[in-house]
Amino acid sequence: MIVDRENSRGNYFDLTTFYDTNKEVYESYVQMSEVMLRDVRAGRNVLSIFHGHPGVFVPPSHRAIAIAREEGFPAKMLPGVSAEAYMFADLGFDPSINGCITQEATELLVRNKTLDPSIHNIVCLGVDMMVFDNSKFHLLVERLEKDFGLDHKIQHYIGAILPQSVTVKDTFAIRDLRKEEVLKQFTTTSTFYVPPRAPAPVDAKVLQALGLPAAQAAQNRTGYGHVEQQAVAALDSFLPSQEKQVYKADPVGFTNTRNGLTAQEKFALGFNKSGPIFAVMRNLPSAIASGKEKSQEEIAHAADDK
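Rules and cut-offs
- Residues numbered from 1 in each chain as written.
- Predicted model: local features only at pLDDT ≥ 70, side-chain atom pairs only at ≥ 80, totals over all residues.
- Heavy atoms only, no water.
- 1 Å grid on protein atoms, 1.4 Å probe; cavity = no way out; pocket = protein on both sides within 12 Å on 5 of 7 lines; lining within 4 Å.
- Points joined across faces, edges and corners; volume = space filled by probe spheres on them.
- Helix = DSSP H or I, 4+ residues; strand = E, 2+ residues; numbered from the N terminus.
- Nonpolar A, V, L, I, M, F, W, Y, C, P; charged D, E, K, R; others polar.
- Buried < 20%, exposed > 50% of the residue type's maximum accessible area, 1.4 Å probe, protein only.
- Pairing = 2+ DSSP bridges.

By the naming in an unreviewed UniProt entry, the chain is Tetrapyrrole methylase domain-containing protein, taken from Mycena rosella.

Here you go:
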């Protein structure tokens with residue numbers, strides 16, 4: 001959708017008008033970009049609205065902004081919630097654990113890119129097609145079979161776009177993706193989540209060089225192993241904290257009894273306010289070592305701001 005904000009009646013132009021099965025989808029994207037740019041060049045303030053995140057699998061938004069800036073017009077993209085962001089919440093996986101890569105299916109195949117069985121893989125359909133052509137889907141299945149095996153489970157996902165929409169979360173073995181009754185469920189809005197087959201091995205030397213405990217590389221995300229049980233057992237010693245009550249009663253006196261703090265850190269903690277504490281927390285170790293940390297005047301000023 002494209003909206004001219006100067007028009008108080010809210011007239012708009014639907015960019016999906018340019019989709020047509022009789023032309024390449026890239027041609028449609030160029031036309032969408034150009035109709036936005038024509039209004040910009042005409043001196044209008046233009047607001048373009050796309051589903052999800054306007055910068056994720058939306059080629060015309062990137063093209064229009066890039067050209068507008070090249071021609072000297074101010075242009076800005078505001079973030080939205082993408083299908084990928086919905087997927088993290090709906091399917092319950094953290095991309096920071098094991099790693100994650102998102103690829104478009106056609107781009108994956110024509111450039112012979114790899115699927116890594118040790119990380120989370122997200123494969124999206126539809127950015128380069130108007131209609132999902134399931135006669136070519138076997139090419140993607142062959143790649144999945146090669147990299148993950150026939151029995152590995154993947155999830156077919158379509159996030160709910162509207163409040164009345166239904167989220168699709170179906171699990172299939174890769175071998176089932178060739179079945180006609182399964183194949184007909186996939187559309188240009190389909191996204192596939194392929195979980196790791198097995199995590200990558202930990203490099204013990206690097207772990208040691210980083211000073212990280214071996215337990216950190218083997219965290220139990222949903223159960224209660226030895227490390228988790230220790231953490232839970234120690235919880236009661238922090239709630240409530242008697243020291244915290246002593247600190248609140250006399251921040252300066254309490255802070256002066258603590259070892260390992262710089263003079264500036266003690267000064268900041270003496271305010272018992274978030275502003276000064278955040279101010280000294282932003283000091284880099286190099287700044288502290290060189291004596292370039294924030295002055296007490298700057299720290300005190302932060303207390304006035306919070």
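Reported here for the second largest pocket is a volume of approximately 640 Å³. Around the second largest pocket sit 22 residues that line it, and Val-46, Leu-47, Ser-48, Ala-75 and Lys-76 are the ones nearest its centre. Looking at the lining of the second largest pocket, the elements that each hand over two or more residues are helix H1 (25-41), strand S3 (46-48) and helix H2 (59-70). Considering each element in turn, the lining of the second largest pocket owes the most residues, four residues, to H2. Residue composition of the lining of the second largest pocket, grouped by class: 16 nonpolar, three polar and three charged.

What follows concerns the pairing of strand S6 (residues 153-158). Most of S6 is tucked away, with five of its six residues classed as buried. With six bridges joining them, S6 and strand S7 (residues 168-173) adopt antiparallel strand pairing. The residue bridging Tyr-157 from the neighbouring strand is Lys-169, located in S7. Inspection of the sheet shows S6 paired to strand S8 (residues 191-194) by three bridges, in the antiparallel sense. Note that in S8 the partner of Tyr-157 across the bridge is Thr-191.

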